[in-house]
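The chain contents come next:
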Amino acid sequence: MLFSSKGKHRRPSKAARAVAVAGVTGAAAIAAPLMAAGSASAATASEWDAVAQCESGGNWSINTGNGYYGGLQFAASTWAGYGGTQYASTADQATKAQQIAIAEKVLAGQGKGAWPVCGKGLSSASYDGAAASSNSGSSRKSTQESSEKSTEDTRASRSSERATVETPTGKKVKKGDGEYKVVTGDTLSAIAEKKNVKGGWEKLFELNKDIIDDADFIYPGQQLHLS
């Protein structure tokens, strides 16, 4: 957590009641440096359309504030790491063709495991950086195992980082799994009043003390339990 507990439950300060901390950026899903395109072949436009349909409902300009952008739901760090900022600061501001161009680089570097659910239909095989051998059964087995491990690691990374939100200072705090998603301007007091939480902000704080250390600080993207 960004702020340590002060050991005392107290009503948020006047300033904290006014606004929640703003400017949170999304957590990186598959952050990696720009990698050289490997032996993976390019996917077709229709395949990328299918991935976009699965990831974002086919909306190439989507930005819901969840930390992922554009039709293929790039994290900002992934978009920048693979050269996307030459087109736009985030993927949702780039054209469909530009998003696909960066997606091809991600596919070459990480394989379709970069989209563990929606990328299954991509024709390109996962690239793990190992040289292929058509004559060695053991080499093929090793490559397959490396590919499977890479996919598992990517899935684990995405799952772990989706469970956090990033504060304006770059620290990560727990996202939580409650039914209410914090937005800019929210405070515990305001949420408790808006959602009629019995016990007010103190009860709300108690219900979510596993992700909130200080009642004065909540962050957009955190998901709070209301009961």
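Residues numbered from 1 in each chain as written. Predicted model: local features only at pLDDT ≥ 70, side-chain atom pairs only at ≥ 80, totals over all residues. Heavy atoms only, no water.

K.L.:
Got a minute to help me understand the pattern of salt bridges in this structure?
P.N.:
In a structure, side chains of opposite charge can pair up when their charged atoms sit close to one another. According to the stated counting rule, one finds 2 salt bridges in the structure shown. One salt bridge connects Lys 96 with Asp 49, and the closest N-O pair in it is separated by 2.8 Å. Pair noted here: Lys 96 is in helix 4 (residues 96-110) and Asp 49 is in helix 2 (residues 45-56), with a separation of 47 residues, a long-range link. According to the relative accessible area criterion, Lys 96 is partly exposed, its value standing at 36%. With its nearest N and O atoms 3.7 Å apart, the salt bridge here joins Lys 194 to Asp 186. (Salt bridge = Lys/Arg side-chain N within 4 Å of Asp/Glu carboxyl O. Helix = DSSP H or I, 4+ residues; strand = E, 2+ residues; numbered from the N terminus. Buried < 20%, exposed > 50% of the residue type's maximum accessible area, 1.4 Å probe, protein only.)

K.L.:
Where do I start with the nonpolar core in this structure?
P.N.:
For soluble globular proteins, the rule of thumb is that nonpolar side chains tend to be buried together. Counting residues in hydrophobic clusters, the biggest one holds 22 residues, and the most contacted among them are Trp 48, Val 51, Leu 72, Phe 74, Trp 115 and Leu 122. When residues in this core are grouped by element, the largest group, 5 residues, is from helix 4. Ignoring sequence-local partners within four residues, the contact set of Trp 48 consists of Ala 43, Trp 60, Leu 72, Ile 100, Ala 103, Glu 104, Leu 107, Trp 115 and Leu 122. Formed by 15 residues, the second largest nonpolar core is a distinct cluster that contains Val 182, Leu 188, Ala 215 and Ile 218. (Core = buried A, V, L, I, M, F, W, Y, C linked by side-chain atoms within 4.5 Å. Contact = heavy atoms within 4.5 Å.)

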